[in-house]
Amino acid sequence: MPSIRTEVRAAPIQGYGPVAKTLHWLVVALLIAQYVFAFTMPDIGRNTVPGALINLHMSFGLTILAVVVVRWLWRIGHPIPLATRDMPSWEQPLARIVHGALYVLLVVSPILGWMNASARDWTITVFGLLQLPHLVAARSALGRQAGDVHTFLAWTLLVLVGLHVLAALYHYFVRNDGVLQRMLPGTGR
Ligand code: HEM
Ligand code: HEM
């Protein structure tokens, strides 16, 4: 006969809804492409004229910014409790900090890239369809420094994503507690 503890473990934990899941995996796909462009685009110097790869980097980066803002607003309107069962007390605050940091970096880093592109006086478009204004004056010191911080934060984002993925795999393979399934299609609400 199953113990009460076993029955509680078997109950499904509330998962993310289809919109939150779609936006999560859309951002993952866009980010994979974005890092491929970042690492294959030509070195950017004082007189660089943006070619196809740099324009793709800017277009994908601005798309990520827009999707993440929508995703964040959706998240605020549709709060999802973190999974709570059988978790050590440090796990929830850590997950909250990492998820929060991922959102912040996904918003701040593209804006700094946009500032740097503005300081380079480039034409900034989303796939050539929508032209965006410059955020800072051409050749401004602020815009130049923003480029360095942009690159640093993009690396920080990569490290945090690595930790986040390791945590998801740990929940699946070691803890087997249904946390990864919360973000997979066909589960939850
Ligand atoms: C989440 C979105 C983004 C990620 C993950 C990202 C990632 C990166 C990375 C890793 C680099 C360094 C490439 C290298 O040195 O090998 C870089 C450079 C750069 N990115 Fe982004 N980027 C994003 C969004 C954007 C956006 C939206 C723009 C402009 C509209 C942009 C413009 C630039 C520029 C101008 C550089 C060169 C910076 C410099 O050398 O000072 N990026 N990006
Ligand atoms: C580009 C990479 C990724 C980013 C930026 C990212 C970002 C995020 C963020 C911000 C959340 C919190 C969602 C919210 O509460 O609103 C989240 C949740 C989650 N992510 Fe990711 N993620 C990425 C890749 C992945 C991958 C590859 C996996 C699976 C191996 C994964 C599995 C999960 C799971 C299971 C949750 C739900 C955790 C919970 O139960 O609360 N993520 N992700």
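Preceding this section is the structure that the text describes.
Below is a summary of the structure that appears in this document. For clarity, every value in this text was computed on a predicted model and none was experimentally measured.

Moving on, we come to the side chain of Ser59. Position of Ser59 relative to the elements: it lies in helix 3 (residues 52–77). Classification of Ser59 by relative accessible area gives buried; the value is 3%. The contacts of Ser59, once residues within four sequence positions are left out, are Thr125, Val126 and Phe127.

Only His24 (NE2) and His164 (NE2) from the protein reach the iron atom of ligand 2 as donors, at distances of 2.0 Å. Seen from the iron atom of ligand 2, its six donor atoms lie at angles of 87 to 179°, and the figure they make is octahedral. Residue His24 is located in helix 2 (residues 18–40), and its partner His164 is located in helix 5 (residues 141–175); the two are separated by 140 residues in the primary sequence. His24 sits in the buried class, given a relative accessible area of 11%. Classification of His164 as partly exposed rests on a relative accessible area of 24%.

What follows concerns the site of ligand 1. As a structural note, the neighbourhood of ligand 1 is formed by 21 residues, with Gln34, His57, Asn116, Arg120 and His150 the closest of them. Within the side chain of His57, an N or O atom sits 2.8 Å from a nitrogen atom of ligand 1. A distance of 3.3 Å is found between an oxygen atom of ligand 1 and a side-chain nitrogen or oxygen belonging to Arg120. Elements that contribute at least two residues to the shell around ligand 1 include exactly helix 2, helix 3, helix 4 (91–119) and helix 5.

Definitions and limits used
Residues numbered from 1 in each chain as written. Chains lettered and ligands numbered in written order. Predicted model: local features only at pLDDT ≥ 70, side-chain atom pairs only at ≥ 80, totals over all residues. Heavy atoms only, no water. Helix = DSSP H or I, 4+ residues; strand = E, 2+ residues; numbered from the N terminus. Buried < 20%, exposed > 50% of the residue type's maximum accessible area, 1.4 Å probe, protein only. Contact = heavy atoms within 4.5 Å. Donors = N, O, S within 2.8 Å, 3.2 Å for Na, K, Ca; no water. Tetrahedral: all angles 85-135°; square planar, octahedral: opposite > 155°, others 65-115°. Near = heavy atom within 4 Å. Polar contact = N/O pair within 3.5 Å; in protein donor to acceptor, adjacent residues only side chain to side chain.

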